[in-house]
Amino acid sequence: EEETFYVFSGDLVIDNNVRYAVTGSKTNEDEETKIIFRANLDKLNYIETEYIFEEDETKIKVKKLVNNLLTISEFKLEIEDDETVVELKFFENNDTNRTKDTFKFEYETENGETILEIQFDMQGLNGRIKGKISVYVIPVLNDQNEIIGYRYQAIQFNEDGEPYIVTGKQIRRAHVWTPVT
């Protein structure tokens, strides 16, 4: 188990006008690398970025405090075998408002079908919106078993797992198109 640790600090000057005090560190431990970078305008205004790299996963987190408004953005990418997962999280907090939006994208191949699932929980104009969209991509084969196109079906579900209806039409479409060669 080998660990290395680096630290740095200094000033970042932009346009010979604005000075930021910066600090950072890099840690390598086993199969994980972690990098943290922080730039401070003053005690109440800063931005901090954290990167974590592992064999099959990458995470990025950005925290920003400006005029008493804290925003946090998180990104996670995970790749395992035939599945790729991307997660996005956004958080905002001030004296009068607190919101958190999350999105998860999952891409996998199962039984010859490619499936993209999008899960969401976000603040809409009229309140929280939660649900899931599943997109199935199915190859269309000719008599020689060659792919001549793809058919897709998109279904949107509400938070209870029921198909969601938008403007009176259920989202269930199938379309065939030819691949670009």
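Residues numbered from 1 in each chain as written. Predicted model: local features only at pLDDT ≥ 70, side-chain atom pairs only at ≥ 80, totals over all residues. Heavy atoms only, no water.

As for the environment of Asp 81
Stage number 1. Position of Asp 81 among the secondary structure elements: in the loop between strand E6 (69-80) and strand E7 (83-93).
Stage number 2. Residues Asp 81 and Thr 109 lie 28 residues apart in sequence; the distance between their C-alpha atoms is 9.6 Å. (Helix = DSSP H or I, 4+ residues; strand = E, 2+ residues; numbered from the N terminus.)

Examining the environment of Val 85
Stage number 1. Assignment of secondary structure puts Val 85 in strand E7.
Stage number 2. By relative accessible area, Val 85 is classed as buried at 10%.
Stage number 3. Spatially, the C-alpha atoms of Val 85 and Glu 57 are 9.4 Å apart, while their sequence positions differ by 28 residues.
Stage number 4. If we skip the residues at most four places from it in the chain, Val 85 touches Lys 76, Leu 77, Glu 78, Lys 104, Phe 105 and Glu 106. (Buried < 20%, exposed > 50% of the residue type's maximum accessible area, 1.4 Å probe, protein only. Contact = heavy atoms within 4.5 Å.)

Considering the packing of aromatic side chains
Stage number 1. For the structure on display, the rule yields three aromatic pairs.
Stage number 2. Here Tyr 51 and Phe 53 contribute two aromatic rings whose centre-to-centre distance is 6.2 Å and whose plane-to-plane angle is 5 degrees, an arrangement assigned as stacked.
Stage number 3. Residue Tyr 51 is classed as partly exposed on the basis of its relative accessible area of 29%.
Stage number 4. When the ring of Phe 90 is compared with that of Phe 103, the centres are 6.2 Å apart and the planes differ by 65 degrees; the resulting orientation is edge-to-face. Linking Phe 90 in strand E7 with Phe 103 in strand E8 (residues 98-110), this pair joins segments that are 13 residues apart in sequence.
Stage number 5. Among the residues examined, Phe 90 registers a relative accessible area of 35% and is labelled partly exposed. (Phe/Tyr/Trp six-rings, centres within 6.5 Å; stacked < 30°, edge-to-face > 60°.)

With respect to unusual backbone geometry
Stage number 1. With a phi close to 70 degrees, Asn 68 is a non-glycine residue in the positive phi region.
Stage number 2. With respect to the element layout, Asn 68 can be found in the loop between strand E5 (57-66) and E6.
Stage number 3. In the Ramachandran plot, Asn 145 falls in the positive-phi region, its phi being about 65 degrees despite a non-glycine side chain.
Stage number 4. Among the secondary structure elements, Asn 145 is positioned in the loop between strand E10 (127-141) and strand E11 (147-158).
Stage number 5. Since its relative accessible area comes to 58%, Asn 145 is described here as exposed.

Regarding a negative patch on the surface
Stage number 1. On the surface, a cluster of negative charge is made up of Glu 3, Glu 29, Asp 30, Glu 31, Glu 32, Glu 54, Glu 55, Asp 56, Glu 80, Asp 81 and Asp 82.
Stage number 2. Structurally, Asp 30 is set in the loop between strand E2 (18-29) and strand E3 (32-42).
Stage number 3. For Asp 30, a relative accessible area of 53% corresponds to the exposed category. (Patch = residues over 30% accessible without salt bridge, like charges linked within 9 Å, V, L, I, M, F, W, Y side chains within 5 Å. Areas by Shrake-Rupley, 256 points an atom, 1.4 Å probe, with all protein chains shown as cover. Salt bridge = Lys/Arg side-chain N within 4 Å of Asp/Glu carboxyl O. Lys, Arg positive; Asp, Glu negative; His and termini not counted. Charge placed at Lys NZ, Arg CZ, Asp CG, Glu CD.)

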